[in-house]
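Chain by chain, the residues run as shown.
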Amino acid sequence: MLSLKKNVFAAVQPSGTITIGNYYGAIKKWVELQDKFNCSFSVADFHSLSIRQTPKIFNQNILRTCACLIACGLSPQKSTLFVQSDVAAHAELSQIINCHLEFDELFNLDQFRFIKSNYAQNLVNSAIFTYPSLMAADILLYNTNLVPVGEDQRQHVELAKIIAKRFNKMYGKIFTSPEPLVPKTGSQIMSLQNPSKKMSKSDKNELSRISIFDDENTITSKFSSAFLDSPDGKLSKDALNNLAQIYFCATGKKIQMEKDHKIFKKIIAKAVYEDLKPIQENFSVLIKNEDRIKKCYKEGSDKAKITAEKTLKTVKEKLGFIS
Ligand code: AMP
Ligand code: TRP
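Reading guide: rules and limits
Residues numbered from 1 in each chain as written. Chains lettered and ligands numbered in written order. Predicted model: local features only at pLDDT ≥ 70, side-chain atom pairs only at ≥ 80, totals over all residues. Near = placed C-beta within 6 Å. Helix = DSSP H or I, 4+ residues; strand = E, 2+ residues; numbered from the N terminus. Nonpolar A, V, L, I, M, F, W, Y, C, P; charged D, E, K, R; others polar. Buried ≥ 20, exposed ≤ 12 C-beta atoms within 10 Å, placed from the backbone. Pairing = 2+ DSSP bridges. Expected span 1.5 Å × (residues − 1). Bend = angle between axes of the 7 residues up to and from the residue. Axes fitted to C-alpha atoms, helices over the stretch in contact; angles between N-to-C directions. Parallel < 35°, antiparallel > 145°, perpendicular 65-115°, else oblique. Contact = placed C-beta atoms within 7 Å. Domains from an automatic or database assignment.

Looking at this structure, how should I read the site of ligand 2?
Surveying the vicinity of ligand 2 reveals 13 residues, the closest of which are A10, A11, A44, M135 and D138. Ranked by the residues each element gives to the shell around ligand 2, the list is headed by strand β1 (residues 7-12), at 4 residues. Residue classes in the shell around ligand 2 are distributed as 9 nonpolar, 3 polar and 1 charged.

Below, the structure written as structure tokens:
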């Protein structure tokens with residue numbers, strides 16, 4: 001039967017830990033969406049390979065990320081949960097998309113320019129350059145209407161929309177035009193150490209982020225060392241807004257500033273821990289049963305393949321490939 005529900009697609013990279021930036025900016029929202037929409041969520045392992053991985057740790061991270069999404073409340077019954085590399089169509093469509101993009105369209109993207117200017121001393125892997133076309137393939141394979149992401153990914157979804165239009169104009173209607181869905185609060189959780197930097201999995205400073213797996217003591221000590229006053233004793237508005245935003249995401253409530261900053265930070269730490277605790281409890285049970293996790297994702301990729309292969313077949317026919 002044809003579903004009248006809108007299609008939602010999003011993904012998370014299995015690189016290292018999931019932070020509260022990922023959780024409040026994306027995953028917590030995905031959990032709400034799955035009751036209203038026809039949702040597919042993926043563990044984007046092809047994307048993670050753009051940073052050098054150690055095979056054993058990479059393998060563990062993929063499995064842990066799968067378990068984490070279920071522990072956060074994504075349901076294999078309600079949504080299609082799958083691992084990106086299980087569905088070969090992603091790589092194939094991304095190659096086709098690459099052939100329809102100008103170098104400058106990728107080169108001028110904010111995230112690429114940021115990586116290029118900040119990591120110039122390291123070699124920037126070419127997959128980091130072409131990763132927005134893989135992301136566009138992820139989105140366009142599933143007739144996606146809405147893509148729930150944090151602010152940092154908005155531009156990549158806009159590019160997917162441009163690509164959809166371009167193909168439809170060149171070859172006739174193939175793709176659905178996707179729209180970014182960026183939440184009002186939580187879409188830009190900043191580093192606890194520097195409120196002008198995004199909280200990130202890859203920041204060298206562990207104190208900059210809260211991992212979804214941090215225990216109570218770690219969360220308390222990271223918040224207690226969070227930047228709030230500049231060295232001249234002046235309160236940083238940006239740091240304050242970031243902490244208040246985190247509190248709101250954890251509780252749905254606004255926080256009043258306390259004169260005593262130690263108490264203020266303790267209140268936030270407690271709220272975040274209370275919010276993460278059930279996820280950690282679910283995770284510790286789930287991770288003991290690898291076979292169950294693998295079965296969920298295998299069933300998900302079987303479902304995902306049906307739609308993805310159908311879209312890819314249409315693309316190849318329209319472009320003139322021999323079937
Ligand atoms: P990634 O870890 O890059 O795979 O990101 C997965 C999702 O989390 C994407 O939708 C990102 O936009 C979102 N995200 C990552 N970091 C943050 C952050 N600091 N604040 C809000 N959303 C974020
Ligand atoms: N590139 C996204 C990130 O790093 C993750 C991602 C991969 C994604 N494919 C996607 C997000 C498709 C939304 C839709 O955050």
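Additional details are given in the paragraphs that follow.
Just checking my understanding: could you explain the pairing of strand β3 (residues 80-83) for this structure?
Successive side chains on a regular strand alternate, one facing one side of the sheet and the next facing the other. Burial along β3 is two-sided: T80 and F82 and L81 and V83, pointing in opposite directions, are all buried. By the bridge criterion, 4 bridges tie strand β2 (residues 38-43) to β3 in an arrangement that is parallel. Across the sheet, the residue bridging to V43 is V83, located in β3.

Is there a simple way to explain the site of ligand 1 in this structure?
Inspection of the region around ligand 1 gives 16 residues, with Q13, G21, G25, V149 and G150 positioned closest. At 4 residues, helix α1 (residues 20-33) tops the list of elements feeding residues into the shell around ligand 1. Partitioning the shell around ligand 1 into residue classes produces 5 nonpolar, 8 polar and 3 charged.

Could you clarify how one ought to interpret unusual backbone geometry in this entry?
The phi angle of most residues is negative, glycine excepted, and most peptide bonds adopt the trans form. Positioned with a positive phi, N143 is a non-glycine residue whose angle comes to about 50°. Relative to the assigned elements, N143 resides in the loop between α7 (126-140) and β4 (146-148). We classify N143 as partly exposed; it has 16 C-beta atoms within 10 Å.

Quick question: what am I supposed to make of α7 here?
Each full turn of the α-helix corresponds to 3.6 residues, which orients residues three or four apart in the same direction. With 15 residues, α7 extends 22 Å from end C-alpha to end C-alpha; this agrees with the ideal 21 Å at 1.5 Å per step. A bend of about 40° at P132 is the largest found in α7. Among the residues making up α7, those that are buried are Y131, P132, S133, L134, M135, A136, A137, D138, I139 and L140.

Can you help me understand the packing of helix α3 (residues 55-72) against helix α12 (residues 290-319) in this one?
How two helices pack is summed up by the angle between their axes together with the distance between the axes. Relative to each other, α3 and α12 sit at 80°, their axes nearing to 10 Å. By the criterion of interaxial angle, the relationship of α3 to α12 is roughly perpendicular. Along the contact surface, α3 presents L63, C66, A67 and I70, while α12 presents E290, I293, C296 and Y297. Partitioned by chemical class, the residues of the contact of α3 with α12 number 7 nonpolar, no polar and 1 charged.

How should I be thinking about the domain arrangement of the chain in this particular structure?
Reports of interface size often rely on the accessible area that becomes lost once the parts have come together. Looking at the chain, the domain boundaries give domain 1 (7-187 + 289-319) and domain 2 (206-284). For domain 1 and domain 2, the distance between their C-alpha centres works out to 29 Å. Contact residues are listed per partner, giving 12 residues for domain 1 and 13 residues for domain 2. The set of elements that each furnish at least two residues to the side of domain 1 that touches domain 2 consists of α1 and α3. For the side of domain 1 that touches domain 2, the element with the highest residue contribution is α3, accounting for 4 residues.

Looking at this structure, how should I read the environment of I27?
You can see I27 is positioned in helix α1. The class of I27 is buried, set by 22 C-beta atoms lying within 10 Å. Residues I27 and G73, 46 residues apart in the sequence, show an inter-C-alpha distance of 8.8 Å. With sequence-adjacent residues up to four places away left out, I27 is seen in contact with V12, N22, L69 and C72.

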